[in-house]
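Okay, here's what each chain looks like letter by letter:
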Amino acid sequence: MSGAVRTSAGAVVPVGEVELTGGLLRAWQQRNRVATIPHSIGELRMAGNLENLRRLADPSVGPYRGRYPFLDTDLYKTLEGLAYEVGREDAPAGAREFFDEVVGLLEQAQAGDGYLNSYFQDPDQPKQPWSDLGWGHELYNLGHLIQAAVAANRRLDDGRLLTIACRFADLVVRKFGVDGEEVVDGHPEVEMALVELYRETGNADYLTQARLFVDRRGQGKLKHTIFPAEYFQDNAPFRELPSVTGHAVRMAYLAAGAADVHLETGDPTLLKALERLWDDMVATKLYLTGGLGSRHSDEAIGDRYELPSERAYAETCAAIAVMQWAWRMFLATGRSSYVDVFETVLYNAYAVGLSADGTAFFYDNPLQRRPDHEQRSGAEAGGDPLRRPWFGCPCCPPNIIRWMSELQDHVAAVRDDTLYVGLYADAHITTGDLALTITTDYPWDGEVTIMVERAPEGEQALALRIPSWAAEAKLTAPGGVEGPVVADDGWVVVRWRFVAGDIVRLQLPMSARAHGSHPYLDATRDALAVARGPLVYCVEQQDVDAPVDDLLLTPTAVAAATARRQDDGVVLELTAGVAPTPAAELYPVITDQQTQTAISEVPATFVPYFLWGNRQALAMRVWLRAAN
């Protein structure tokens with residue numbers, strides 16, 4: 001099996017033989033090949049990432065370029081994506097050459113003891129290796145190197161990176177293992193990578209090291225500077241954390257790593273903590289889009305119900321981290337609710353991070369843009385109005401690349417004799433003697449057709465996920481099954497002695513729906529948002545002849561929306577109310593009940609949230625005031 005996660009433990013095992021053959025996800029992967037990867041290779045070359053490695057052997061190349069000590073990870077994440085692409089007939093332009101060039105530089109740069117980091121190995125840097133675990137990201141770097149190495153070994157049968165990664169990992173085991181220094185890295189990530197390295201090599205030292213890093217957090221093993229312990233998820237042992245906290249990407253990576261440790265060790269205390277933290281996050285700290293992280297100041301998650309729309313940070317890397325956590329929780333429990341969140345993040349908080357042409361990126365992903373807003377990225381002084389071609393800290397673009405290349409690895413899984421189909425897309429799935437072809441226009445249309453191409457002798461079960469929003473799904477299957485779905489924990493199971501040519505059809509309702517929010521969520525109190533299927537929608541100023549800030553919605557108007565197909569997807573046409581122009585006074589005295597009553601109506605076109613920001617930079621809203 002060649003998937004990104006290769007566990008043979010846990011409740012469910014991922015299917016590694018899945019090919020996306022058409023539809024939106026396939027189109028995204030094709031865009032990744034022809035646009036995003038070539039663009040990013042060019043940006044990495046211009047940014048000096050390769051020169052930072054090259055100068056370790058030849059200082060005449062010039063000084064270290066970049067302000068951060070973890071820029072090697074941008075190469076590693078790109079290599080992980082390229083491991084899926086360079087062996088294809090339609091491989092991205094220049095991908096193989098770039099892959100081989102970077103691997104050669106890494107082989108040349110690695111120190112004799114296995115250490116590898118272009119910043120800390122640089123003789124002109126004042127810091128020494130392992131001198132700043134809080135901010136040096138050395139183990140975070142190793143994590144992304146391992147993931148690239150495992151992908152290259154599985155997809156290309158190329159063990160060069162794996163040799164490099166194992167040498168570095170062996171150094172870490174010697175230095176920080178059972179008999180070594182009791183430390184942790186300031187940025188979790190290496191935990192899930194070490195578990196995957198154990199799965200690839202069978203070396204139990206790597207699993208032990210991952211468990212140690214999870215268990216040591218919150219034990220006072222990390223020196224904190226600038227931000228408090230909560231930022232690093234180091235304020236309490238992982239099993240005792242009261243809630244997801246601190247830096248959003250760090251939190252979700254740590255949880256994904258802990259989930260991997262549970263999958264391989266069966267530690268019930270880890271699963272109990274993971275379930276509690278996940279449930280709290282989904283109930284109180286996750287945006288409607290699946291975005292995680294409400295604070296720009298420290299890229300942090302924020303308090304419960306602290307979910308401002310216009311200041312949503314919801315970093316693209318955090319979206320990927322949440323999907324990694326969700327997938328592992330599904331593998332551990334088999335519960336469809338984790339795949340529901342995975343799908344929400346995929347089509348919204350993750351997809352919005354990339355422009356329609358595949359060459360510009362959001363770093364943070366707000367749910368609102370005010371008419372006079374100027375988009376900025378982090379602490380950088382400048383910035384284009386909306387998406388940008390690259391960043392000084394470009395962690396998100398290469399993360400998008402690798403995740404886009406791996407989408408097929410998160411479509412299906414098996415448990416015993418049951419094949420679970422979690423994501424719906426045009427795909428070919430093979431597991432053992434069972435082969436299926438899925439045809440669908442999902443997420444634009446809710447009809448999913450599954451044809452059996454090959455089947456084993458005897459009875460086989462096929463489990464199809466019924467998303468939480470699909471209240472009136474219908475199923476047609478062999479054996480006379482036809483009618484409304486009766487789902488069990490989000491799955492409908494067809495058990496049958498399948499033969500080649502059998503067809504299963506699932507129809508998921510795709511009407512527009514209105515969402516409100518919890519009354520404690522002040523930012524969106526008395527507001528409505530629009531969704532259809534797994535997609536959250538928004539309105540941009542270009543698509544309505546009234547200020548978006550003055551629009552009013554009702555659930556009835558949303559339910560009556562008309563879906564219209566166009567080249568880039570399905571838009572929703574609906575009628576919105578227009579509120580009277582408010583008084584100029586910022587805090588007027590109120591003497592009676594205020595109402596939101598429309599004085600007129602206006603047609604409005606709502607577009608999928610992931611498509612916003614591809615035109616002129618104007619106002620945008622996901623949440624609109626609810627009319628009385």
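Nothing here was measured: the structure is a model prediction, and the numbers come from that model. (Residues numbered from 1 in each chain as written. Predicted model: local features only at pLDDT ≥ 70, side-chain atom pairs only at ≥ 80, totals over all residues. Heavy atoms only, no water.)

Some remarks on the overall build of the protein chain
For the record, the criterion: The helix and strand labels rest on DSSP assignments: H or I over at least four residues marks a helix, E over at least two residues marks a strand, and numbering proceeds from the N terminus. Using C-alpha atoms as the atom set, the radius of gyration is obtained and then compared with a globule rule of 2.2 Å times the number of residues to the power 0.38. Using a 1.4 Å probe on the protein chains alone, a residue whose accessible area is under 20% of its type maximum counts as buried, one over 50% counts as exposed, and one in between counts as partly exposed. Areas reported here follow the Shrake-Rupley algorithm with a probe of radius 1.4 Å; residue values treat only the protein chains shown as occluding. The charge count treats Lys and Arg as positive and Asp and Glu as negative. His and the chain ends do not count. To locate a charge, take NZ of a lysine, CZ of an arginine, CG of an aspartate or CD of a glutamate.
When you go through the protein chain residue by residue, the secondary structure sums to 14 helices and 22 strands. Over its C-alpha atoms the protein chain spans a radius of gyration of 25 Å, differing by no more than 12% from the 25 Å that the globule rule assigns to 628 residues. Its C-alpha atoms give the protein chain principal-axis dimensions of about 75 × 70 × 50 Å. Each of the 628 residues in the protein chain was classed as buried or not, and the buried ones make up 61%. Taken as a whole, the protein chain presents about 23300 Å² of accessible surface, with 49% of it coming from carbon and sulfur. Across the protein chain, the centroid of the 56 positively charged side chains sits 2 Å from that of the 86 negatively charged ones.

Digging into the sheet that holds strand β1 (residues 13–14)
The strands that make up a sheet are held in pairs by hydrogen bonds between backbone atoms, and each pair lies either parallel or antiparallel. Here is the rule we go by: Strands qualify as paired when DSSP identifies two bridges or more between them.
The 5 strands are arranged β1-β4-β5-β9-β12 in an open sheet whose pairing can be described as mixed. Both edges of this open sheet fall to β1 and β12 (491–496), since each of them pairs with a single strand only. With 4 bridges joining them, strand β5 (residues 418–421) and strand β9 (residues 460–465) adopt parallel strand pairing. Residue pairing in the sheet places T418 in a bridge with A461 of β9.

Description of helix α12 (residues 336–350)
As a reminder of what qualifies: Working rule for helices: expected span equals 1.5 Å times residues minus one.
Its 15 residues give α12 an end-to-end C-alpha distance of 20 Å, which sits within 8% of 21 Å, the value for a rise of 1.5 Å per residue. Burial analysis of α12 places 13 of its 15 residues in the buried class, the great majority of the element.

Brief notes about the packing of helix α1 (residues 23–47) against helix α3 (residues 72–85)
Each pair of packed helices can be summarised by the angle the axes make with each other and by the distance between the axes. Our working definition: An axis is simply a line fitted to the C-alpha atoms; with a helix, the fit covers only the stretch in contact. Between two such axes, the angle follows the N-to-C directions and lies from 0 to 180 degrees. An angle below 35 degrees is treated as roughly parallel, one above 145 as roughly antiparallel, one from 65 to 115 as roughly perpendicular, and anything else as oblique. Note: crossing handedness is left-handed where the near helix turns anticlockwise from the far helix by less than a right angle, and right-handed where it turns clockwise. Every residue pair with non-hydrogen atoms within 4.5 Å of one another is taken to be in contact.
Viewed as axis vectors pointing N to C, α1 and α3 meet at an angle of 150 degrees, and their least axial separation amounts to 11 Å. By the criterion of interaxial angle, the relationship of α1 to α3 is roughly antiparallel. Viewed along their axes, α1 and α3 form a crossing whose handedness is left-handed. Counting all contacts with α1, which are made through N32, R33, I37 and L44, the residues of α3 involved are D74, L75, T78, L82 and E85.

With respect to the sheet that holds strand β11 (residues 481–484)
Spatially, the 7 strands line up as an open sheet ordered β2-β6-β7-β8-β13-β10-β11, and their pairing is antiparallel. Two strands bound the open sheet, and with one partner strand each, they are β2 (18–20) and β11. Between one strand axis and the next, the sheet turns through 10 degrees on average, direction left out of account. The pairing of strand β10 (residues 474–477) with strand β13 (residues 503–507) spans 3 bridges and is classified as antiparallel. Looking at the pairing, L475 lines up with L506 of β13.

Re the pattern of salt bridges
What counts here: For this document, the term salt bridge refers to a Lys or Arg side-chain nitrogen within 4 Å of an Asp or Glu carboxyl oxygen.
On inspection of all chains with the given rule, the structure shows 41 salt bridges. Here R239 ties to D215 by a salt bridge, and the two come within 2.9 Å at their closest N and O atoms. With R239 in the loop between α8 (204–216) and α9 (248–265) and D215 in helix α8, this residue pair connects regions lying 24 residues apart in the sequence. Here R525 ties to D522 by a salt bridge, and the two come within 2.7 Å at their closest N and O atoms. For D522, a relative accessible area of 52% puts it in the exposed group. A single salt-bridge network, built from bridges that share partners, covers R6, R154, E196, R199, E200, D260, E264 and R328.

Here's the deal with the packing of aromatic side chains
Put simply, the rule is: Centre distance within 6.5 Å is the pairing criterion for rings of Phe, Tyr and Trp, where only the six-membered ring of Trp is used; planes under 30 degrees apart are then read as stacked, over 60 as edge-to-face, and the remainder as tilted.
Evaluated as defined, the whole model comprises 31 aromatic pairs. The interplanar angle of 40 degrees and the centroid separation of 5.6 Å between the aromatic rings of W135 and Y231 together place this pair among those described as tilted. Residue W135 is found in the loop between α4 (95–109) and α5 (138–156), and its partner Y231 is found in the loop between α8 and α9; the two are separated by 96 residues along the sequence. For Y231, a relative accessible area of 6% puts it in the buried group.

Overview of the side chain of N399
Assignment of secondary structure puts N399 in helix α13 (residues 396–405). Since its relative accessible area comes to 0%, N399 is described here as buried. Discounting residues that sit within four places of it in the chain, N399 has contacts with K77, Y253, C317 and I320.

What to know about the packing of α9 against helix α11 (residues 316–333)
Note the following rule: Under the scheme applied, nonpolar residues are Ala, Val, Leu, Ile, Met, Phe, Trp, Tyr, Cys and Pro; charged residues are Asp, Glu, Lys and Arg; polar residues are all the others, including Gly.
Close contact between α9 and α11 brings their axes to 8 Å; oriented N to C, the two are set at 20 degrees. The pairing of α9 with α11 is recorded here as roughly parallel in orientation. Our pair here, α9 against α11, has a crossing hand that is left-handed. On α11, the residues that touch A248, V249, A252, Y253, A255, A256, A259, D260, H262 and L263 of α9 are C317, A318, A321, V322, Q324, W325, R328, M329, L331 and A332. Looking at the contact of α9 with α11 residue by residue, the class counts come to 16 nonpolar, 2 polar and 2 charged.

Looking at the state of the cysteines
The line we're drawing: Count a disulfide wherever a pair of cysteine sulfur atoms falls within 2.5 Å.
As enumerated under the stated definition, the model contains 0 disulfides in all. The structure places no disulfide on C317, whose sulfur is separated from the nearest cysteine sulfur, that of C396, by 3.6 Å. With a relative accessible area of 3%, C317 lands in the buried category.

Comments concerning the pairing of strand β6 (residues 427–431)
Examined bridge by bridge, β2 and β6 share 3 bridges and lie antiparallel to one another. Residue pairing for β6: L20 is matched across the bridge by A427. Relative to strand β7 (residues 434–440), β6 runs antiparallel, the two being bridged by 5 bridges. Across the sheet, the residue bridging to A427 is I438, located in β7.

With respect to the environment of D158
Here is the rule: Polar contact is defined as a pair of N or O atoms within 3.5 Å, subject to the rule that within protein one atom must be able to donate a hydrogen and the other to accept it, and that residues adjacent in sequence are counted only when both atoms are side-chain atoms.
Inspection of the secondary structure puts D158 in the loop between α5 and α6 (160–176). Those residues in contact with D158, other than ones at most four positions away along the chain, are F99, A152 and N153. At 2.8 Å, the side chain of D158 and the side chain of R160 are in polar contact.

A look at the nonpolar core
Heads up, the condition is: Take the buried residues of types Ala, Val, Leu, Ile, Met, Phe, Trp, Tyr and Cys, join any two whose side-chain atoms come within 4.5 Å, and each joined set is a nonpolar core.
Formed by 223 residues in total, the largest nonpolar core has its most connected members in L161, F238, W325 and L346. Per element, the largest residue contribution to this core is 14 residues, and it comes from α11. The residues contacting L161, other than those within four sequence positions of it, are L79, F99, V103, L106, L145, A148, A149 and A152.

A short note on the pairing of strand β4 (residues 412–415)
Taken residue by residue, a regular strand's side chains alternate between the two faces of the sheet. Note: β1 against β4, 2 bridges, orientation antiparallel. Among the inter-strand pairings, P14 is bridged to a residue of β4, identified as A413. The pairing of β4 with β5 spans 4 bridges and is classified as antiparallel. Bridge assignment links V414 to a residue of β5, and that residue is L419. Remark: 2 residues form the turn of the hairpin made by β4 and β5, two consecutive strands paired antiparallel; D416 in that turn has positive phi of roughly 55 degrees.

Digging into unusual backbone geometry
Of the consecutive residues Y442 and P443, the connecting peptide bond is found in the cis state with omega at 10 degrees. In the Ramachandran plot, I226 falls in the positive-phi region, its phi being about 70 degrees despite a non-glycine side chain. Its location among the elements puts I226 in the loop between α8 and α9. With a relative accessible area of 71%, I226 lands in the exposed category.

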